[in-house]
Amino acid sequence: MSELKCQEFQEAVSNLLLRHQSILDLLSKSQETNARINRAVVKSITNCGCLQVHAEKKPFPDTFGLDALKYLCSSHLEGELCESCKDVIVDEIGRNLFYLTALCVTLGIDFQEVMEKEKRKISTLGRFNMT
C-alpha cells in the first residue's frame, strides 16, 4: 500500500467538510480533539495503568552541555501502551489531524507546505527551535 500524501488527505478532508465549514466550529473542534487526546493519555495512566508517570525534578549539573541534556531528561513515562489504549489514542490523534487539516483547507493553507516549512525550521535551528 502506498503512503498517503498530505495533498490526498487534504483533498479528502475538503470533500467531507459539510457540517464543519464555520471557522468557529473548526477552531472549537480542533481544541476539543486536542483535549480528547490528553484525556485518553491520562486514562491510560489512571484507568488502565498500562502507563505510569514517575516525575521528579532532574538535577542539571553545571558541567552538562546541551548534548548531554538529551540523556538526562526523560518523558517521565514508564510502561507501554496496551493495544486498547493505543487504539483510542490513535483514533483521537486522527480526529485531531482531520480538524487541523480542515483548518488548513478553510484558511487556504497547504498542509504539506506547513510541514515542509516546519521541517526546514527545525533542521536549521535544531534544538534551539523549541526554547
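Scroll up a little and you will see the structure.
### Some remarks on the overall build of the chain
Then step 1. Across its full length, the chain holds 5 helices and 2 strands.
Then step 2. Sequence-ordered secondary structure for the chain, helices as α and strands as β, is α-α-β-α-β-α-α.
Then step 3. A total of 131 residues make up the chain; the buried ones form 20% of that total.
Then step 4. The contacts of the chain with a sequence gap of at least 6 include a subset with a gap of at least 24, amounting to 73%.
Then step 5. Looking at the chain as shown, the accessible area adds up to about 10000 Å², and 57% of this sits on carbon and sulfur atoms.

### Some points on the packing of aromatic side chains
Then step 1. Per the counting criterion, the structure on display carries 1 aromatic pair.
Then step 2. Their ring planes at 85 degrees and their centres at 5.0 Å tell us that Phe98 and Tyr99 sit as a pair that is edge-to-face.

### Observations concerning the state of the cysteines
One way to say it: the disulfide is the covalent bond shared by the sulfur atoms of two cysteines.
Then step 1. By the definition in use, this model includes 0 disulfides.
Then step 2. Summary of cysteine pairing: Cys50 is not part of a disulfide, and the nearest cysteine sulfur, belonging to Cys85, is at 3.7 Å.
Then step 3. In this model Cys104 remains outside any disulfide bridge; the closest cysteine sulfur is found in Cys6, 9.4 Å from its own.
Then step 4. The class for Cys104 is buried, based on a relative accessible area of 8%.

### Some points on the nonpolar core
Then step 1. Ranked by size, the top nonpolar core spans 7 residues in total: Val13, Leu17, Leu26, Phe98, Tyr99, Ala102 and Leu103.
Then step 2. Among the elements that make up this core, the one with the highest residue count is helix H4 (residues 83-107) (4 residues).

### Some points on helix H2 (residues 23-48)
Then step 1. Between the first and last C-alpha of H2 there are 36 Å, a value that for 26 residues agrees with the 38 Å anticipated at 1.5 Å per step.
Then step 2. The largest bend in H2 is about 30 degrees, located at Val42.
Then step 3. Three or more residues of H2 are buried, namely Leu26, Lys29, Ser30, Thr33, Ile37, Ala40 and Ser44.
Then step 4. Where H2 is buried, its residues contact strand S1 (51-53) and H4.

### As for the side chain of Glu92
Then step 1. Mapped onto the elements of the fold, Glu92 is located in helix H4.
Then step 2. Among the polar contacts made by the side chain of Glu92, one reaches the side chain of Arg95 at a distance of 2.9 Å.
Then step 3. In this structure, Glu92 is in contact with Arg36, Ile37 and Ala40, ignoring residues within four places of it in sequence.

### Details of the environment of Leu24
Then step 1. Within the secondary structure layout, Leu24 lies in helix H2.
Then step 2. According to the relative accessible area criterion, Leu24 is exposed, its value standing at 64%.

### Observations concerning the environment of Thr106
Then step 1. Along the chain, Thr106 falls in helix H4.
Then step 2. Expressed as a C-alpha distance, the spacing of Thr106 and Gln21, which sit 85 residues apart in the sequence, is 7.2 Å.
Then step 3. Contacts of Thr106, omitting those with residues within four sequence positions, involve Leu17, Gln21, Ile23 and Leu26.

Basis of the calculations
- Residues numbered from 1 in each chain as written.
- Predicted model: local features only at pLDDT ≥ 70, side-chain atom pairs only at ≥ 80, totals over all residues.
- Heavy atoms only, no water.
- Helix = DSSP H or I, 4+ residues; strand = E, 2+ residues; numbered from the N terminus.
- Buried < 20%, exposed > 50% of the residue type's maximum accessible area, 1.4 Å probe, protein only.
- Contact = heavy atoms within 4.5 Å.
- Areas by Shrake-Rupley, 256 points an atom, 1.4 Å probe, with all protein chains shown as cover.
- Phe/Tyr/Trp six-rings, centres within 6.5 Å; stacked < 30°, edge-to-face > 60°.
- Disulfide = S-S within 2.5 Å.
- Core = buried A, V, L, I, M, F, W, Y, C linked by side-chain atoms within 4.5 Å.
- Expected span 1.5 Å × (residues − 1).
- Bend = angle between axes of the 7 residues up to and from the residue.
- Polar contact = N/O pair within 3.5 Å; in protein donor to acceptor, adjacent residues only side chain to side chain.

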